[in-house]
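Residue-level listing of the chains:
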Amino acid sequence: MLAEADALELLGRGRIEIEGRLVDASNTTLRAEISLGGLTRRCVYKPVRGERPLWDFPDGTLAGREVSAYLVSRATGWDLVPPTILRDGPLGPGALQLWIDEPDSASSLIGFVPAYDVPEGWFPVAAARDDDGDAYALAHADDPRLARLAIFDAVINNADRKGGHVLYPATGSVHGVDHGVSFHVENKLRTVLWGWTGKPLPDDAVEVLTRLSGELRNTLGAALEDHLTVSEVQHVGLRVKRLLRACRFPQPPTDWPAIPWPPI
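Residues numbered from 1 in each chain as written. Predicted model: local features only at pLDDT ≥ 70, side-chain atom pairs only at ≥ 80, totals over all residues. Heavy atoms only, no water.

Novice: Outline the overall build of the protein chain, listing residues and values.
Specialist: The secondary structure content of the protein chain amounts to six helices and 10 strands. Dimensions of the protein chain, computed from C-alpha atoms along their principal axes, come out at roughly 55 × 45 × 35 Å. Relative to its 264 residues, the protein chain shows a buried fraction of 48%. Looking at the protein chain alone, contacts between residues at least 24 apart form 67% of all its contacts between residues at least 6 apart. When the accessible surface of the protein chain is split by element, carbon and sulfur atoms take 50% of a total near 13000 Å². (Helix = DSSP H or I, 4+ residues; strand = E, 2+ residues; numbered from the N terminus. Buried < 20%, exposed > 50% of the residue type's maximum accessible area, 1.4 Å probe, protein only. Contact = heavy atoms within 4.5 Å. Areas by Shrake-Rupley, 256 points an atom, 1.4 Å probe, with all protein chains shown as cover.)

Novice: I'd like a rundown of the pattern of salt bridges, residues and numbers included.
Specialist: A full pass over the atoms with the stated rule returns 13 salt bridges. Notably, a salt bridge pairs Glu17 with Arg15, separated by 2.1 Å at the nearest N-O pair. For Arg148, the salt bridge is made with Asp204, and the minimal N-O distance between the two is 3.1 Å. Linking Arg148 in helix H3 (residues 144–156) with Asp204 in helix H4 (residues 203–216), this pair joins segments that are 56 residues apart in sequence. (Salt bridge = Lys/Arg side-chain N within 4 Å of Asp/Glu carboxyl O.)

Novice: I'd love a proper account of H4, names of residues and values included.
Specialist: Look at H4: 20 Å from first C-alpha to last across 14 residues, which is about the 20 Å you get at 1.5 Å a residue. When H4 is considered as a whole, its buried residues turn out to be Ala205, Val208, Leu209, Leu212, Ser213, Gly214 and Leu216. (Expected span 1.5 Å × (residues − 1).)

Novice: Explain the sheet that holds strand E7 (residues 122–129) to me, and be specific about the residues and the numbers.
Specialist: The antiparallel open sheet is built from three strands, whose spatial order is E6-E8-E7. A single partner strand is all that each edge strand has here, and the edge strands are strand E6 (110–114) and E7. With strand direction ignored, the average angle separating the axes of adjacent strands in the sheet is 30 degrees. Inspection of the sheet shows E6 paired to strand E8 (residues 135–141) by five bridges, in the antiparallel sense. Within the sheet, the bridge partner assigned to Pro114 lies in E8 and is Tyr136. (Pairing = 2+ DSSP bridges. Axes fitted to C-alpha atoms, helices over the stretch in contact; angles between N-to-C directions.)

Novice: Account for the sheet that holds strand E5 (residues 92–98), naming residues and giving values.
Specialist: A sheet is described by the order of its strands in space; here five strands give the open sequence E1-E2-E3-E5-E4, paired in antiparallel fashion. The sheet is open, and its two borders are formed by strand E1 (15–21) and strand E4 (84–89), each paired with just one other strand. On average, each strand axis in the sheet is inclined to that of its neighbour by 40 degrees, with strand direction left out of account. The sheet contact formed by E4 and E5 spans six bridges and is antiparallel. Of the residues in E5, the one forming a bridge with Thr84 is Gln97. Sitting on the sheet, helix H1 (residues 4–13) is in contact with E1, strand E2 (30–36), strand E3 (39–47), E4 and E5, with an inclination near 20 degrees to E4. The strands touched by helix H2 (residues 62–76) are E3, E4 and E5; relative to E4, the strand with the most contacts, the crossing angle is about 145 degrees.

Novice: Describe the packing of H3 against H4, with residues and values.
Specialist: Packing of H3 against H4 leaves a shortest axis separation of 11 Å and a crossing angle of 30 degrees. On the basis of the axis angle, H3 is roughly parallel to H4. Where H3 crosses over H4, the two elements pack in a sense that is right-handed. For the pair H3 and H4, contact is made by Arg148, Ile151 and Val155 and by Asp204, Ala205, Leu209 and Leu212, respectively. Residues that form the contact of H3 with H4 fall into these classes: five nonpolar, no polar and two charged. (Parallel < 35°, antiparallel > 145°, perpendicular 65-115°, else oblique. Left-handed = near helix turned anticlockwise from the far one by under 90°. Nonpolar A, V, L, I, M, F, W, Y, C, P; charged D, E, K, R; others polar.)

Novice: Help me get a handle on the nonpolar core, residues and values and all.
Specialist: Membership of the largest hydrophobic core comes to 47 residues, with the highest contact counts inside it found for Val155 and Leu212. Elements that contribute at least two residues to this core include exactly H2, E8, H3, H4, helix H5 (219–224) and helix H6 (230–246). Dropping the residues within four chain positions of it, Val155 is found in contact with Val72, Leu209, Leu212, Val236, Arg239, Val240 and Leu243. Ile16, Tyr45, Leu96 and Leu98 belong to the second largest nonpolar core, which has 13 residues in total. (Core = buried A, V, L, I, M, F, W, Y, C linked by side-chain atoms within 4.5 Å.)

Novice: Would you mind going over the packing of H2 against H4 in detail, with residue names and values included?
Specialist: One way to put it is that H2 packs onto H4 with a least axis distance of 9 Å and a crossing angle of 125 degrees. With respect to their mutual orientation, H2 and H4 come out oblique. Along this stretch, H2 crosses H4, giving a crossing that reads as right-handed. Residues Val72, Ala75 and Thr76 of H2 form the contact with H4, whose participating residues are Val208, Arg211, Leu212 and Glu215.

Novice: Describe the packing of aromatic side chains, and please don't skip the residues or the numbers.
Specialist: Evaluated as defined, the whole model comprises two aromatic pairs. Taken together, a centroid distance of 5.7 Å and an interplanar angle of 80 degrees make the contact between Phe123 and Trp196 edge-to-face. Placement of Phe123 in strand E7 and of Trp196 in the loop between strand E10 (175–176) and H4 is noted, with a sequence separation of 73 residues between them. Each member of the pair Phe123 and Trp196 is classed as buried. A ring pair is formed by Trp196 and Phe249, whose centres lie 5.7 Å apart and whose planes are at 25 degrees; its orientation type is stacked. With Trp196 in the loop between E10 and H4 and Phe249 in the segment after H6, this residue pair connects regions lying 53 residues apart in the sequence. By relative accessible area, Trp196 is classed as buried at 6%. Counting every residue linked through ring pairs, the aromatic cluster contains Phe123, Trp196 and Phe249. Directly above the ring of Trp99 sits Arg31, whose terminal nitrogen or CZ lies 5.1 Å from the centroid. (Phe/Tyr/Trp six-rings, centres within 6.5 Å; stacked < 30°, edge-to-face > 60°. Lys NZ or Arg CZ within 6 Å of the ring centre and 35° of its normal.)

Structure follows, in C-alpha coordinates:
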(Lines give C-alpha, C1' and ligand atoms only; values in the text may rest on other atoms or scores of the structure.)
Protein backbone atom coordinates (compact mmCIF):
# COMPACT_ATOMS: atom_id res chain seq x y z
CA MET A 1 0.00 0.00 0.00
CA LEU A 2 1.17 3.51 -0.80
CA ALA A 3 1.39 6.15 1.87
CA GLU A 4 -1.09 8.94 1.18
CA ALA A 5 1.63 11.50 0.43
CA ASP A 6 3.30 9.13 -2.03
CA ALA A 7 -0.03 8.37 -3.70
CA LEU A 8 -0.77 12.08 -4.13
CA GLU A 9 2.66 12.70 -5.63
CA LEU A 10 2.22 9.79 -8.03
CA LEU A 11 -1.21 11.04 -9.09
CA GLY A 12 0.00 14.59 -9.46
CA ARG A 13 3.22 13.99 -11.39
CA GLY A 14 2.98 10.51 -12.89
CA ARG A 15 2.71 9.62 -16.57
CA ILE A 16 -0.78 8.40 -17.46
CA GLU A 17 -1.42 5.56 -19.91
CA ILE A 18 -5.07 4.71 -20.50
CA GLU A 19 -5.91 0.99 -20.39
CA GLY A 20 -9.61 1.12 -21.21
CA ARG A 21 -13.05 2.38 -20.33
CA LEU A 22 -15.26 1.13 -17.50
CA VAL A 23 -18.39 0.58 -19.57
CA ASP A 24 -20.87 0.37 -16.68
CA ALA A 25 -20.26 3.99 -15.68
CA SER A 26 -22.77 6.62 -16.84
CA ASN A 27 -20.01 9.19 -17.47
CA THR A 28 -16.67 8.60 -19.15
CA THR A 29 -14.62 6.62 -16.64
CA LEU A 30 -11.24 5.27 -17.66
CA ARG A 31 -8.82 2.90 -16.00
CA ALA A 32 -5.20 3.87 -16.47
CA GLU A 33 -1.69 3.09 -15.34
CA ILE A 34 0.27 5.90 -13.79
CA SER A 35 4.04 5.78 -13.39
CA LEU A 36 6.64 7.92 -11.66
CA GLY A 37 10.27 7.09 -10.82
CA GLY A 38 9.87 3.36 -11.33
CA LEU A 39 6.62 3.19 -9.35
CA THR A 40 3.49 2.12 -11.25
CA ARG A 41 -0.06 1.87 -10.00
CA ARG A 42 -3.52 1.87 -11.51
CA CYS A 43 -5.88 4.80 -11.24
CA VAL A 44 -9.34 5.91 -12.31
CA TYR A 45 -9.44 8.91 -14.65
CA LYS A 46 -12.72 10.81 -15.11
CA PRO A 47 -12.22 13.61 -17.67
CA VAL A 48 -14.50 16.63 -17.38
CA ARG A 49 -15.19 16.50 -21.13
CA GLY A 50 -16.85 13.09 -20.64
CA GLU A 51 -19.38 14.31 -18.09
CA ARG A 52 -23.08 14.29 -18.99
CA PRO A 53 -24.79 17.55 -18.01
CA LEU A 54 -27.12 17.18 -15.00
CA TRP A 55 -30.00 19.63 -14.63
CA ASP A 56 -29.81 19.58 -10.83
CA PHE A 57 -26.01 19.98 -10.69
CA PRO A 58 -25.50 22.92 -13.08
CA ASP A 59 -22.47 24.42 -11.34
CA GLY A 60 -18.88 23.21 -11.34
CA THR A 61 -17.93 19.71 -12.46
CA LEU A 62 -18.51 16.16 -11.27
CA ALA A 63 -14.72 15.79 -11.16
CA GLY A 64 -14.52 18.72 -8.74
CA ARG A 65 -17.09 17.03 -6.52
CA GLU A 66 -15.02 13.83 -6.53
CA VAL A 67 -12.00 15.82 -5.34
CA SER A 68 -14.12 17.64 -2.75
CA ALA A 69 -15.28 14.32 -1.30
CA TYR A 70 -11.65 13.28 -0.88
CA LEU A 71 -10.80 16.57 0.82
CA VAL A 72 -13.61 16.11 3.34
CA SER A 73 -12.63 12.46 3.90
CA ARG A 74 -9.03 13.47 4.53
CA ALA A 75 -10.17 16.10 7.02
CA THR A 76 -12.13 13.50 9.00
CA GLY A 77 -9.08 11.23 9.29
CA TRP A 78 -11.30 8.23 8.54
CA ASP A 79 -9.59 7.27 5.22
CA LEU A 80 -12.92 6.74 3.47
CA VAL A 81 -12.08 8.01 -0.03
CA PRO A 82 -8.97 6.96 -1.99
CA PRO A 83 -6.48 9.74 -2.81
CA THR A 84 -8.06 11.92 -5.51
CA ILE A 85 -6.80 15.00 -7.34
CA LEU A 86 -7.75 17.21 -10.28
CA ARG A 87 -5.18 17.39 -13.08
CA ASP A 88 -4.70 17.40 -16.83
CA GLY A 89 -4.73 14.01 -18.48
CA PRO A 90 -4.79 12.59 -22.01
CA LEU A 91 -8.38 13.83 -22.46
CA GLY A 92 -7.95 17.10 -20.60
CA PRO A 93 -8.67 18.06 -16.98
CA GLY A 94 -10.33 15.46 -14.85
CA ALA A 95 -10.43 13.64 -11.52
CA LEU A 96 -7.66 11.13 -10.94
CA GLN A 97 -8.19 8.62 -8.15
CA LEU A 98 -5.98 5.79 -6.93
CA TRP A 99 -7.36 2.41 -8.02
CA ILE A 100 -8.43 0.15 -5.14
CA ASP A 101 -7.93 -3.58 -5.61
CA GLU A 102 -10.22 -5.92 -3.67
CA PRO A 103 -8.87 -9.37 -2.77
CA ASP A 104 -10.83 -12.38 -3.98
CA SER A 105 -11.63 -13.17 -0.35
CA ALA A 106 -13.29 -9.79 0.26
CA SER A 107 -16.88 -10.08 1.46
CA SER A 108 -19.41 -7.34 0.88
CA LEU A 109 -21.10 -5.86 3.92
CA ILE A 110 -24.12 -4.76 1.84
CA GLY A 111 -26.46 -6.83 -0.28
CA PHE A 112 -29.75 -8.61 -0.88
CA VAL A 113 -30.35 -11.54 1.48
CA PRO A 114 -33.35 -13.83 1.95
CA ALA A 115 -35.91 -11.95 4.03
CA TYR A 116 -36.18 -14.90 6.45
CA ASP A 117 -32.42 -15.21 6.86
CA VAL A 118 -30.96 -11.74 7.48
CA PRO A 119 -27.50 -12.37 8.99
CA GLU A 120 -27.11 -11.68 12.68
CA GLY A 121 -25.74 -8.19 13.19
CA TRP A 122 -27.18 -6.87 9.91
CA PHE A 123 -29.86 -4.20 9.42
CA PRO A 124 -32.64 -4.75 6.87
CA VAL A 125 -33.36 -1.43 5.17
CA ALA A 126 -35.78 -2.31 2.34
CA ALA A 127 -37.95 -5.18 1.14
CA ALA A 128 -37.72 -6.71 -2.32
CA ARG A 129 -38.81 -9.75 -4.34
CA ASP A 130 -37.00 -11.62 -7.09
CA ASP A 131 -38.47 -12.65 -10.43
CA ASP A 132 -39.99 -15.74 -8.80
CA GLY A 133 -41.68 -13.73 -6.09
CA ASP A 134 -39.37 -14.81 -3.29
CA ALA A 135 -38.92 -12.24 -0.53
CA TYR A 136 -35.54 -10.60 -0.01
CA ALA A 137 -34.22 -7.78 2.12
CA LEU A 138 -31.72 -5.12 1.17
CA ALA A 139 -29.49 -5.14 4.23
CA HIS A 140 -26.10 -4.11 5.52
CA ALA A 141 -23.84 -5.03 8.41
CA ASP A 142 -23.83 -3.11 11.68
CA ASP A 143 -20.18 -2.30 11.11
CA PRO A 144 -18.46 0.82 12.48
CA ARG A 145 -16.64 1.35 9.17
CA LEU A 146 -19.96 1.56 7.34
CA ALA A 147 -21.36 3.79 10.08
CA ARG A 148 -18.55 6.27 9.45
CA LEU A 149 -19.33 6.14 5.74
CA ALA A 150 -23.01 6.84 6.48
CA ILE A 151 -22.03 9.92 8.50
CA PHE A 152 -19.65 11.05 5.78
CA ASP A 153 -22.42 10.69 3.18
CA ALA A 154 -24.71 12.84 5.31
CA VAL A 155 -22.02 15.53 5.47
CA ILE A 156 -21.40 15.63 1.71
CA ASN A 157 -25.08 15.01 0.87
CA ASN A 158 -24.28 12.00 -1.30
CA ALA A 159 -27.13 11.32 -3.72
CA ASP A 160 -25.84 7.94 -4.90
CA ARG A 161 -24.42 5.60 -2.23
CA LYS A 162 -24.96 2.26 -3.92
CA GLY A 163 -23.61 -0.95 -2.45
CA GLY A 164 -21.33 -1.23 -5.46
CA HIS A 165 -19.75 2.10 -4.55
CA VAL A 166 -18.26 0.58 -1.41
CA LEU A 167 -14.91 -1.20 -1.76
CA TYR A 168 -13.10 -3.56 0.61
CA PRO A 169 -9.31 -3.44 0.17
CA ALA A 170 -6.92 -5.95 1.72
CA THR A 171 -6.01 -3.44 4.44
CA GLY A 172 -9.33 -4.13 6.17
CA SER A 173 -10.58 -0.60 5.65
CA VAL A 174 -13.71 0.40 3.73
CA HIS A 175 -13.59 2.90 0.87
CA GLY A 176 -16.39 4.80 -0.81
CA VAL A 177 -16.08 5.88 -4.45
CA ASP A 178 -18.18 7.70 -7.08
CA HIS A 179 -19.08 10.97 -5.37
CA GLY A 180 -19.84 13.06 -8.45
CA VAL A 181 -23.43 13.78 -7.39
CA SER A 182 -22.72 15.13 -3.92
CA PHE A 183 -22.68 18.53 -2.19
CA HIS A 184 -26.05 19.79 -3.44
CA VAL A 185 -27.55 22.59 -1.33
CA GLU A 186 -30.90 20.74 -1.14
CA ASN A 187 -31.24 17.51 0.80
CA LYS A 188 -30.61 14.76 -1.74
CA LEU A 189 -29.16 12.08 0.54
CA ARG A 190 -29.80 8.74 -1.13
CA THR A 191 -28.08 5.68 0.26
CA VAL A 192 -28.37 2.03 1.16
CA LEU A 193 -26.90 2.74 4.62
CA TRP A 194 -30.09 3.58 6.54
CA GLY A 195 -29.65 0.97 9.26
CA TRP A 196 -28.69 3.50 11.94
CA THR A 197 -31.53 5.92 11.21
CA GLY A 198 -32.30 7.97 14.32
CA LYS A 199 -29.68 6.23 16.44
CA PRO A 200 -27.19 8.30 18.49
CA LEU A 201 -23.92 9.21 16.82
CA PRO A 202 -20.83 7.50 18.26
CA ASP A 203 -18.76 9.70 20.56
CA ASP A 204 -15.76 9.60 18.23
CA ALA A 205 -17.94 10.79 15.35
CA VAL A 206 -19.10 13.77 17.41
CA GLU A 207 -15.46 14.67 18.05
CA VAL A 208 -14.63 14.40 14.34
CA LEU A 209 -17.63 16.47 13.28
CA THR A 210 -16.76 19.15 15.84
CA ARG A 211 -13.25 19.40 14.43
CA LEU A 212 -14.60 19.32 10.87
CA SER A 213 -16.90 22.26 11.62
CA GLY A 214 -13.89 24.36 12.56
CA GLU A 215 -11.86 23.33 9.54
CA LEU A 216 -14.72 24.21 7.20
CA ARG A 217 -14.44 27.80 8.43
CA ASN A 218 -10.74 27.80 7.60
CA THR A 219 -8.46 25.86 5.26
CA LEU A 220 -10.89 23.08 4.31
CA GLY A 221 -13.59 25.56 3.34
CA ALA A 222 -11.13 27.51 1.21
CA ALA A 223 -9.96 24.32 -0.52
CA LEU A 224 -13.55 23.26 -1.27
CA GLU A 225 -14.30 26.65 -2.82
CA ASP A 226 -11.85 25.74 -5.60
CA HIS A 227 -14.37 23.09 -6.73
CA LEU A 228 -17.79 24.03 -5.31
CA THR A 229 -19.91 27.16 -5.12
CA VAL A 230 -19.74 29.31 -2.00
CA SER A 231 -23.29 28.27 -1.15
CA GLU A 232 -22.46 24.58 -1.49
CA VAL A 233 -19.51 24.95 0.88
CA GLN A 234 -21.67 26.83 3.37
CA HIS A 235 -24.23 24.03 3.29
CA VAL A 236 -21.56 21.47 4.13
CA GLY A 237 -21.03 23.42 7.34
CA LEU A 238 -24.77 23.64 7.96
CA ARG A 239 -25.18 19.88 7.58
CA VAL A 240 -22.35 19.29 10.05
CA LYS A 241 -24.01 21.66 12.53
CA ARG A 242 -27.36 19.87 12.15
CA LEU A 243 -25.72 16.51 12.78
CA LEU A 244 -24.02 17.87 15.89
CA ARG A 245 -27.22 19.49 17.12
CA ALA A 246 -29.23 16.28 16.75
CA CYS A 247 -26.33 13.95 17.68
CA ARG A 248 -28.17 11.27 15.73
CA PHE A 249 -27.94 9.63 12.34
CA PRO A 250 -30.19 11.41 9.82
CA GLN A 251 -33.70 10.36 8.81
CA PRO A 252 -34.50 9.43 5.19
CA PRO A 253 -35.85 12.32 3.08
CA THR A 254 -39.59 12.39 2.47
CA ASP A 255 -39.50 14.33 -0.81
CA TRP A 256 -36.66 12.44 -2.49
CA PRO A 257 -36.11 8.68 -3.11
CA ALA A 258 -34.19 7.47 -0.07
CA ILE A 259 -32.47 4.53 -1.82
CA PRO A 260 -30.61 4.73 -5.16
CA TRP A 261 -31.50 2.57 -8.12
CA PRO A 262 -30.11 0.08 -8.62
CA PRO A 263 -29.17 -0.27 -4.95
CA ILE A 264 -26.11 -2.47 -5.56
